[in-house]
Every structure is written in C-alpha cells, then in structure tokens.
Amino acid sequence: MASDESRLSHPDPSRRQFLKLGSTLLPFSAVASSALLSTAQAEAPAKNQQKTRAKIVIIGSGLGGLAAANRLHRELDGAKITIIDRKQEHNYQPGYTLVATGVWPKDKVRDRNRDFIPSGVEWVQEMAIEFEPEQNRVRTESGKTIEYDYMIVALGLQLNYGAIEGMDVKAIGDNGLGSVYYSPDAAEATWKAMDQFRQKGGQAIMTLPNTFLKCAGAPLKMTFMLDSRLREAGSRQASKIDFYSALKNIFSVKVINDEVLKRWRGLDIPVNFEHQLTAIDIAARKASFSLPNGQIEQREYDFIHVVPPMSAPDVIRQSVLASTEGVMAKGGWLEVDKKTLQHKRFPNIFGLGDINGTPRGKTAATIKKSAPIVVQNLLDVMAGKSPSLEFDGYTSCPLLLREGAALLIEFDGDGNLTPSLPMIEPLQDSWMAWLMKYRLLKPAYLSVLKGRV
Amino acid sequence: MYEIWLTLNIVYELMWMYLPAVVVLLLVLALVYGRALQRKKCQWRAAIRPTLMVAVVVAILSLWLVPVSTHSTLADIAYWVDWANLMAICAGVALVAAAIVWPVFSLRR
Ligand SMILES: Cc1cc2nc3c(=O)[nH]c(=O)nc-3n(C[C@H](O)[C@H](O)[C@H](O)COP(=O)(O)OP(=O)(O)OC[C@H]3O[C@@H](n4cnc5c(N)ncnc54)[C@H](O)[C@@H]3O)c2cc1C
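Residues numbered from 1 in each chain as written. Chains lettered and ligands numbered in written order. Predicted model: local features only at pLDDT ≥ 70, side-chain atom pairs only at ≥ 80, totals over all residues. Heavy atoms only, no water.

J.: Looking at this structure, I do not really get the overall build of chain B. What am I missing?
T.: For chain B, the count of helices and strands is four helices and zero strands. Mapped from its N terminus to its C terminus, chain B presents α and β elements in the order α-α-α-α. The C-alpha atoms of chain B give 17 Å as radius of gyration, which overshoots the globular expectation for 109 residues (13 Å, by more than 25%). Reported as C-alpha extents along the three principal axes, the dimensions of chain B are approximately 50 × 30 × 25 Å. Residues counted as buried form 41% of the 109 residues belonging to chain B. (Helix = DSSP H or I, 4+ residues; strand = E, 2+ residues; numbered from the N terminus. Rg over C-alpha atoms; globule rule 2.2 N^0.38 Å. Buried < 20%, exposed > 50% of the residue type's maximum accessible area, 1.4 Å probe, protein only.)

And the structure:
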C-alpha cells in the first residue's frame, strides 16, 4: 500500500506522455497565466463567507462528496465539516471505458482522496452503517456515532453482481469475461479479455440490465468500441456481436435510442429486447437470460460484457431515507425532490450524485451541474430560507463510437437534448467530442471535484 | 461566461497534469528572450518574416500531428465544429512555436 501511495502522489509522466502532450497543451499556454490568476482567486476564501457553527456531515468521498466538501469549505466560516468514507483511492470512473477498450492505462483513473480533501475538513475513514435522521446522527462501522445539523448523502450506488448467478468479479479478464464497471483493475482486465477475443473473433454478447444505471451510455460505448476493435484486427467478419437488453429499449432518451439502433443495424449488431442476464457459467462460457414469459434462454459466447443490476447501497436502501413509493422505491434510491435535491421528509438532508432517486442522470456531468445547486440550497436552508435553485436533470455522455469519434450527447431530466453550445450537433460523429473524452474531461472533472466550476 | 470559466479551469488542470512540459516550455522561453533582450542590436523586425514562415509550417504540420497525438487521424475530422477546433489548436501550437523562434531569429546578424 505504501508504495502504491507514493506512486500515486508522485506521478512520473513518461516520455511518451510528454511528447503526446505537446500538441494539445501548447495552444493553451497563451491563456495559462490568466488561468492561474483566475484559479488562485477562486481558491481564496469566498468574500462573503457565511458564519456558522453548524455541523455538516457528508457521506461519501466520490466526486459528489468532494465537490460538496470543497464548496462548503469555501462558503462557510466556522462550520464543522466531516466526510465519512473508508475509501482511500479516488477513481476517475468516466475513464474506465477508455481503460477497458485499450485507449488509456489504468493509472490515469487512480488518484488519492487525501489530495482532494480541503484542510480543516475532518475525514472519518470508515463506512456509515446506520442512519438515524430523526435524531440527526449516523453510526459508523466502528460503532462511532456522529451527530450533524445538516447532511449531504453522496455515497454513490451499489453494483449487484450477486444478482447474476455464477458471476464472480475476480474472474473478470479470464474466459472472455469483461465488465467495465467494477474497478480500474476490472476495466484493465476487460481490455485483456477483449484484446484476446479480437485476435480470432467469435461470438460476443453485450448485456444491459433493467435497473437505473450509472452512465447508461457505458454499455453502448463498450459495444461500439468492441465492433471497432474487431474491425481494426480484421476479425469482424469472423465475429457476431449480439446485444441483450433487459428493457424494451437500450437508452431512455428516445432520439438517442433510435440513433444508436440505426447505427447498430448498419454495423450488424442485432438487439434482443427483454432479455435479462440471470446466470453465467464462466468456465463453460454460457450465459442464461430470462424472458418476460418466464422462459430461460441459454447462449454460448467467446466474449461477454456483463453490466450488473444497480441499486442504492443497502445502507440507504434499508434506511428510512430510501424512497417509499413509485419507481424509485424498487432500487431504494434516496428520496429527494428532483428539483431542489432536498430530502422529501428530512429537510436538513440533501442528496448528490448517483444515490439520488431522480430520473436519469447518474453521471459526473450531472454532479457538475447539481453540486453548486445542492450547496446553495443547503446554504439557503441554513440561513432559514427555502432552497432557491432548481436542477433541470442535466446529464451528458460522450458516446464513444471508435478511436477518434464520439457523439456529444447532453439532455435534461425530461429527455430533451440540450447542447451546451448551439453549434454542437449531438448526433454527428465528432472528433471534438472524442478529444473531450480523451483529454479534456478529466481536467474538467478535477475542477468540479475541487469545487471551482 | 460559464464555458470560458470552465475552459480556463481545464487549462489550469492540464498544466498541473503535464507540469514537466510546462516547466520546460517556460524555461525555453525565458532562455531565448533572456538572450535576445541582453543583446543591444536585435533584429526584431527582420525576424518577423522567418518567424511567420515557421509558424505556418508548424500550423500545417499540426493539422496532422494533433489528431495523431490523440489516437485519431485527419479522416476523423468530420464536420465544421471539428475543423474549427482543430484549426484553433493548430493556431495555438503555431503561436507558441513563433514565440520561441522569434527571439532566436532576431539574434541573427
Ligand atoms: C464505466 C463508467 C463510465 C462512466 N462514464 C461517464 C461519462 O462518460 N461521463 C460522465 O459524466 N459520467 C460517467 N460515469 C459516471 C460517473 O463516474 C459517476 O456518476 C460519478 O463518479 C458518481 O459520483 P458519486 O459521488 O455519486 O459516487 P462515487 O464516485 O461512486 O462515490 C461514492 C463514494 O461513497 C462511498 N461510500 C459508499 N458507501 C458508503 C458508506 N456506507 N459510508 C461511507 N461512504 C460510502 C464510496 O466508497 C465512494 O467513495 C461513468 C461511470 C462508470 C463506472
């Protein structure tokens, strides 16, 4: 662990990285000095810091938790801010698809949480195991009780691999088994399996469960990239890619769903709807799907990409904070108002990120837009006012098509396309969208995490 | 306004990510301008023409190099937004190249 930590704290950019950088970095250097100046200003304490003695607890040190912590630390004078999370490593999850398709090394998605927690913010390195919102307190795994006046819940979601009989995350990378979601190691192992598969080709199976997903575009990106990698290797003709969706569609925004299906028809990627992956025999390379009529269909494969069903973590699902009715109750998602992101029953609690029971939008892009809203609304409540800002459900997804091309899709909570800049054509293959994913999104992510944008 | 702020922050984070390259660039600039400014008789005006020529060559080369250095090719530049961005990046690369060679050319007798 120690060596791991020192490696992470002292990144040693290789010569190759250094050379590659040249072309992208140089044009920006003209404005670099003004950027430095502006950011130095942004990092200084906010002029009108709100004075308070409030105790604020943030659950989770992922993108949402850290973005909130950095913002609150800047906005408040005198608050006691505590982050609760055992995880030491910070993972840039949007980079997993690049790792899993052989574009990035996995080091690019690994950082340390410690480097992003502002000084003065307490970090309790334990998991929360019980919420008692009526008493305004949380219990941690060592039995510690932490009291709060206000709380932000940002503990992400739970990958339910266990719901697929026979699935073993340790086996990812072997026997043609891939799954991009689990971890940086799993993403790297997925690329190993995909790379082996593309040498000869064969039968590939791509899956999609029937739950809300974090980055619902990721299974589609993996499919486009697999097709492209097979073509590069000259083994596409010898291969068949079948997509199995547990739903009646593959993406919840109709215009994107239709566009991707049209492209897949052109690429010869047939889709089987309402097929839910329920079991897998990893050694025998067989997948079982349940159909709406209760039948089980078994398929052999050479490569499979498994996307697990997802829900709120059990600690929320089994607490009074979970949604009690409607479509969000099934996954036990945090019961927040979809506009203010305030808990519907406990007004001193807000939700941020993947945990929220809001339609669509389990992405880093959602956090980019919603973190400032959550923090401002919390400040309003602390000042005895009503939440003043409303979230429109924004999310975005650079949908990888192949190396060098992506679609830059942005939409709101109602599924309307909402490009940030009017000239962007969301359904157009774009190198710029690729460049964003490949080089610009991680710096943007870090700016969100540090509470600057 | 927000987009400009976001862009500045992206540039700032990129600089930290690639700090060694930024330091080398700044050192090179300090070196060449230091030398040129120490000289009494620098041909700044006469250096403009060759500097512009270098900038044009670098810009043209960048049209090919920038995509290649980002796991792509010129064939991936699909529509005018891509072209506009690529050309802006190439112009930036050319500007930096010009900033480096201008004092160097000005030192020529
Ligand atoms: C493969 C993949 C591709 C993606 N691609 C994109 C993309 O292209 N664009 C995009 O915008 N987004 C993308 N995303 C989504 C994006 O990364 C996530 O939406 C975002 O990181 C979620 O942040 P979060 O803070 O809500 O949760 P997380 O970052 O998951 O953090 C949750 C934190 O809570 C902690 N925690 C969990 N339980 C507890 C507990 N009981 N007590 C205390 N702490 C706890 C965890 O340890 C973790 O640190 C992608 C994600 C994946 C996996």
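Moving on from the model shown.
J.: Which parts of the structure should I look at to understand the sheet that holds strand β13 (residues 177–178) of chain A?
T.: Hydrogen bonding along the main chain pairs the strands of a sheet, whether they run parallel or antiparallel. Residue and element names in this part refer to chain A. Strands sit in the order β13-β20-β14-β15-β16 across an open sheet of five strands; the sheet is parallel. Edge positions in the open sheet fall to β13 and β16 (271–272), since each of these has one partner strand only. Sheet strands in contact with helix α6 (residues 184–200) are β13, β14 (203–208) and β20 (303–305), and its direction is about 145 degrees off that of β20. Where helix α7 (residues 218–233) meets the sheet, it contacts β14, β15 (240–245) and β20, and its direction lies at approximately 175 degrees from that of β15. (Pairing = 2+ DSSP bridges. Contact = heavy atoms within 4.5 Å. Axes fitted to C-alpha atoms, helices over the stretch in contact; angles between N-to-C directions.)

J.: Explanation requested: the pattern of salt bridges in the structure shown.
T.: Note on pairing: side chains with opposite charge can pair once their charged atoms come close. Applying the stated criterion to the full structure yields 33 salt bridges over all chains. Of the charged contacts, one joins K80 of chain A and E122 of chain A as a salt bridge, the two residues approaching to 2.8 Å between their closest N and O atoms. One end of the pair, K80 of chain A, is in strand β4 (residues 80–84); the other, E122 of chain A, is in strand β7 (residues 122–124), with 42 residues separating them in the sequence. Overall, the relative accessible area of 37% leaves E122 of chain A in the partly exposed class. K240 of chain A is the salt-bridge partner of D242 of chain A, the closest N and O atoms lying 3.0 Å from each other. In the salt-bridge network here, residues are joined through shared partners; they are E259, K262, R263, R402 and D429 of chain A together with D76 of chain B. (Salt bridge = Lys/Arg side-chain N within 4 Å of Asp/Glu carboxyl O.)

J.: Please explain the site of the ligand as it appears in this structure.
T.: Residues and elements named next belong to chain A. Residues in close proximity to the ligand total 32 residues, the closest being G64, D85, A128, K221 and D354. Contacts to the ligand include I84, whose backbone N or O atom sits 3.5 Å from a nitrogen atom. At 3.4 Å from an oxygen atom of the ligand is found a main-chain nitrogen or oxygen belonging to T363. Contact with the protein chains hides 92% of the accessible area of the ligand, taken as 1000 Å² for the molecule alone. Elements represented by at least two residues in the shell around the ligand include exactly α4 (63–75) and α10 (364–382). With three residues, α10 is the single largest residue contributor to the shell around the ligand. When the residues that make up the shell around the ligand are grouped by side-chain class, the tally is 17 nonpolar, eight polar and seven charged. Summarising the domain contributions, the shell around the ligand has at least three residues from each of domain 2 (37–86 + 125–156 + 312–390) and domain 3 (161–310). (Near = heavy atom within 4 Å. Polar contact = N/O pair within 3.5 Å; in protein donor to acceptor, adjacent residues only side chain to side chain. Areas by Shrake-Rupley, 256 points an atom, 1.4 Å probe, with all protein chains shown as cover. Nonpolar A, V, L, I, M, F, W, Y, C, P; charged D, E, K, R; others polar. Domains from an automatic or database assignment.)

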